[in-house]
Amino acid sequence: MEETISLKEIFEVIKQRILLILAITLGAAVIAAVLSYFVLTPTYESSSQFIVNQSAQEQEVPYNVNDIRANVEIINTYNEIIKAPAILGEVIDELNLPYTVAALGQNISVANANESQVVTVTVTDENPAMAVDIANTTVAVFQDKIQDFMNVDNVGVLTEAQLSANPSPVAPNPILNIAIAVVLGLMIGIGLAFLLVYLDNSVTTEDDVEKHLGLPVLGVISHINSEDVRTNQMSFQPNRQKRGGFNAAQKESV
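First things first, this report covers the structure right here in the doc. Note that the structure is a prediction, hence the values are computed from the model and not measured. (Residues numbered from 1 in each chain as written. Predicted model: local features only at pLDDT ≥ 70, side-chain atom pairs only at ≥ 80, totals over all residues. Heavy atoms only, no water.)

## Concerning the nonpolar core
Then comes step 1: Core analysis: the biggest nonpolar cluster contains 27 residues, and Phe50, Tyr78, Leu104, Ile108, Val121 and Phe142 have the highest contact counts within it.
Then comes step 2: Residue assignment for this core shows that the elements contributing at least two residues are strand 1 (44-52), helix 3 (65-81), helix 4 (85-95), strand 2 (108-111), strand 3 (118-125) and helix 6 (128-150).
Then comes step 3: Per element, the largest residue contribution to this core is eight residues, and it comes from helix 6.
Then comes step 4: If sequence neighbours within four positions are ignored, Phe50 has contacts with Ile82, Gln117, Val118, Val119, Val121, Val139, Phe142, Val155, Gly156, Val157 and Leu158. (Core = buried A, V, L, I, M, F, W, Y, C linked by side-chain atoms within 4.5 Å. Buried < 20%, exposed > 50% of the residue type's maximum accessible area, 1.4 Å probe, protein only. Helix = DSSP H or I, 4+ residues; strand = E, 2+ residues; numbered from the N terminus. Contact = heavy atoms within 4.5 Å.)

## A look at the packing of helix 2 (residues 18-39) against helix 7 (residues 174-199)
Then comes step 1: Remark: helix 2 packs on helix 7, axes separated minimally by 7 Å, with the N-to-C direction vectors making an angle of 150 degrees. What the angle tells us is that helix 2 and helix 7 run roughly antiparallel. In this structure, the crossing between helix 2 and helix 7 has a hand that is right-handed. (Axes fitted to C-alpha atoms, helices over the stretch in contact; angles between N-to-C directions. Parallel < 35°, antiparallel > 145°, perpendicular 65-115°, else oblique. Left-handed = near helix turned anticlockwise from the far one by under 90°.)

## Overview of the pattern of salt bridges
Then comes step 1: This structure, assessed with the given rule, holds one salt bridge.
Then comes step 2: Lys145 is the salt-bridge partner of Glu90, the closest N and O atoms lying 3.3 Å from each other. One end of the pair, Glu90, is in helix 4; the other, Lys145, is in helix 6, with 55 residues separating them in the sequence. (Salt bridge = Lys/Arg side-chain N within 4 Å of Asp/Glu carboxyl O.)

Written out as structure tokens, the structure is:
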């Protein structure tokens, strides 16, 4: 027999475990905030652009569609060459970087938007000034080396990376991290609440008797807490005093 659960039961479970859910959510948000503000190291981005155009000996020849298509296709090759050890190794030597070629390659991304002839080289580093130097040096070394590798001179620097007065880190993003942590905390809290209900086999209400045991409820024993008992005792005590005083008065009259 398949068991079904109604929306009312779902809300009832959430209501019963609301403190647990809120505690897990708040804990996840606090952990994300501490990691974002005090543990994770901020990283900065800097970008330099170059354009792939006609070579020097072809500048007098007008552009046509085939030339543009050829330049766009060769950019895919350039994107691979610019991250090659021959390029990055010279960048490391020139700037005396504390990176290996593989580590530096992970911090560099190369892309051209919408199949354009403009290529953007983006560098991520913990030091904003170093990110600017790496981006500009990588493009400069590539522009010089590509003439030897492919015997062409069709790369021109379009935009050099610049260091801003107040650089802002691109990562971590505390607001985004906290928002993600809150969502995950809610999911974990609600999931744990339903897991605890699923693992709880105790019979506590009349509905549990009918649902789990399939037996009708013949009677219910009410629970009286200590506060109710204390209140009842206080209400009976004045009545006793009145009855005792009445009996004493009768004895005196007799």
